[in-house]
Every structure is written in structure tokens, then in C-alpha cells.
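What follows is the residue order along each chain.
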Amino acid sequence: MLAVIWLLLAAGPALASVQPGGVVRDSQVRSKVSHELADLRCETELTRRQVTLFANGTVRVKEGLHEEMDLRLAELDPVTLRGYTERLAELDFSEVEASQILPTQGAWVEECELDLDIPDVAKPLKESLGFTKFDSLPLSLKRAVDLLEDLAAMTNSINIEQLPVDYEPRTGDVLRRKDGQEFRIIGLTSDGKAIEFQGVVNPLTLYLDVKHLRQQFIGIVSRHPGFEF
């Protein structure tokens, strides 16, 4: 059995690199993950927002201050992905002229750039267009922006920050919950199944099943030289 498993593992890379017969190369799989079909970026001196559609169907939204941005993600099924790429590729940007794009009006005006690179359609599209939020956009450009905003509306927030993998709760530790509130660990309940917390700012007592600690708390504010559970 071990020999069979070893042979399958050894054959894996070779199979992944074979092109005949419809097997996709590793490099082609990676390119779908990294290739940006559409990328809309708008920013001021302080803020930035970016909506990106990748060839594997991932939609990513990053927005906030330049130094601190929130991340939202969504995954499109192949049919939905194809529908959006075809609608984008059908747009005619020949009507977009440089004279229609107004110069920047000030530090608080959002400068935007839309990059499109859609190769696997009947009429491949590759465009790079700049504009500001105060511009009166040509119909095709407005439609493209609207399609990207439709995709952005499908995304859900995710928490990048999380407790360290090797974190063990300790009496006196202060943890940050998903909503930003801070709680101090008081100890375990008598049955040992839940952790008792006390709010740092709001004197609220909270009991949480030990198994759900990582689902509710995402960061360590401070550690205390107390006893681990």
C-alpha cells in the first residue's frame, strides 16, 4: 500500500505538466489565479479602493486608508464568470477620448484607473482607462464601472487578523473581539467548558465556549504572566 501511495505521489508532478489530452499545465493553473481580467482602482491622497476580477473567478475588494485596508472576497462559478467577462468584452471603448477625461480637481477627488485584459473570448479586450469621479463618463466606461461594482457587491468581509496558532488562553490576558471590543480573561468556568471574560471598557461579563474562542476573538492586546488553562 505504501509503495502504491509513493508511486502516485511521484507521478503527480509529471501528470500535472502533460499538455496532450487536455491536462492543464501547472503554470496555466497558476496564471488563472494571478491573471487580472479587470481591475478598478480609485484613490485620493488618503484613501484607496480596488476591485479586481481574477481569471479563476475570485473577486477581491480592498478599501480604506492607504496604510490600513479592509479585504472582501467572493468566488464566481464558471457560468457567472463567463457572463461577466463576455459583457465586459462586448463594450466598445473607441468612443472614450482623452479630451473627455477631466484633470484632477484637488487632493480629495478620487482618481480612478480601469485595466481590462480579457483574452479568452470571441473578441479579446485589452484596455487601460483613467478618469476621476467627477467626470461625465462615456456609456461604455460607465457600464464597465457598473459591472465591477456589481461584482464588488457580491463580496463578504473576512478577518485577516487572527489569534496565533500556538496561543493558549491565560488568566489576565486581554483579547480583541471581532467587533473591536477588548475583554480580559477571568478564568475557566467550574465545569471547564467555557471561558469567563470581563469587558475592559464596558464592564460586561461574557461566557464563551472554549471551542469558539478563535471564532470570536482575533487578536491579543496584552498577555499576563498568569496560569494557562
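What counts and how
- Residue numbers restart at each chain and count upward from 1, following the sequence in its written direction.
- Selection of residues for local features in this predicted model requires a pLDDT of at least 70, selection of side-chain atom pairs for listing and counting requires 80 or more, and totals for whole chains, interfaces and linings are taken over all residues.
- In computing side-chain values, all of the structure's heavy atoms are included and hydrogens and water are not.
- To qualify as a helix, a DSSP run of H or I must reach at least 4 residues; to qualify as a strand, a run of E must reach at least 2; elements of each kind are numbered from the N terminus.
- Only protein chains enter the calculation, and the probe is 1.4 Å; a residue is then buried if its accessible area is under 20% of its type maximum, exposed if over 50%, and partly exposed in between.
- Contact between two residues is taken to exist if any of their heavy atoms lie within 4.5 Å; hydrogens are not considered.
- Any two strands with at least two DSSP-identified bridges between them are counted as paired.
- Two cysteine sulfur atoms form a disulfide, by the criterion used here, when they sit within 2.5 Å.
- What counts as a ring pair is set by centres within 6.5 Å for rings of Phe, Tyr and Trp (its six-membered ring), and what kind of pair is set by the plane angle: stacked under 30 degrees, edge-to-face over 60, tilted for all other angles.
- Orientation is described by lines fitted to C-alpha atoms, with helices fitted over the stretch in contact, and by angles between N-to-C directions that extend from 0 to 180 degrees.

Okay, the overall build of the protein chain next. A count of helical and extended segments in the protein chain gives five helices and twelve strands. When the 229 residues of the protein chain are sorted by exposure, 31% land in the buried category. Counting contacts in the protein chain only where the partners sit at least 6 residues apart, residues at least 24 apart contribute 49% of the total.

Moving on to the pairing of strand S8 (residues 174-177). Along any regular strand the residues' side chains alternate between the sheet's two faces. As defined by bridge partners, S8 adjoins strand S9 (residues 182-188) across three bridges and the pair is classed as antiparallel. Across the sheet, Val 174 pairs through a bridge with Arg 184, a residue of S9. Connecting S8 to the antiparallel partner S9 that follows it, the hairpin turn spans four residues, and Gly 180 within it adopts a positive phi of roughly 95 degrees. Sheet analysis places S8 next to strand S12 (residues 217-222), joined by four bridges and oriented antiparallel. Note that in S12 the partner of Arg 176 across the bridge is Gly 219.

Let us now look at the state of the cysteines. Using the criterion set out here, one finds one disulfide in the structure. With a sulfur-sulfur separation of 2.1 Å, Cys 42 is cross-linked through a disulfide to Cys 112. Judged by the sign of its S-S torsion, about 115 degrees, the bond between Cys 42 and Cys 112 is right-handed. In this pair, Cys 42 sits in strand S1 (residues 36-43) while Cys 112 sits in strand S5 (residues 111-118), placing the two residues 70 residues apart along the sequence. Cys 112 gets classed as buried once you look at its relative accessible area, which sits at 6%.

Turning next to the packing of aromatic side chains. In total, this model carries three aromatic pairs according to the counting rule given. With a centroid separation of 6.0 Å and an interplanar angle of 85 degrees, the aromatic rings of Phe 183 and Phe 217 are classed as edge-to-face. Taken as a pair, Phe 183 in strand S9 and Phe 217 in strand S12 lie far apart in primary sequence, 34 residues in all. Taken individually, Phe 183 and Phe 217 each receive the classification buried, so the pair is uniform in this respect. Ring geometry for Phe 197 against Phe 217: centres 4.6 Å apart, planes inclined by 15 degrees, an arrangement best described as stacked. Placement of Phe 197 in strand S10 (residues 194-199) and of Phe 217 in strand S12 is noted, with a sequence separation of 20 residues between them. Summarising the burial analysis for this pair, Phe 197 and Phe 217 share the class buried.

With that settled, the discussion passes to the environment of Val 201. Inspection of the secondary structure puts Val 201 in the loop between S10 and strand S11 (205-209). The class of Val 201 is exposed, set by a relative accessible area of 79%. Once the C-alpha coordinates of Val 201 and Glu 182 are considered, the two residues, 19 residues apart in sequence, prove to be 7.3 Å apart.

Moving on, we get to the sheet that holds S10. Within the open sheet, the five strands sit side by side as S11-S10-S9-S8-S12. Their pairing is antiparallel. The open sheet has two edge strands, S11 and S12, and neither has a second partner. Strand-to-strand, the axes of this sheet are offset by a mean angle of 40 degrees, without reference to chain direction.

This part covers the pairing of S11. Alignment of S10 against S11, held across five bridges, turns out to be antiparallel. Across the sheet, residue Phe 197 finds its bridge partner in S11, namely Leu 206. Joining the antiparallel neighbours S10 and S11 is a turn of five residues.

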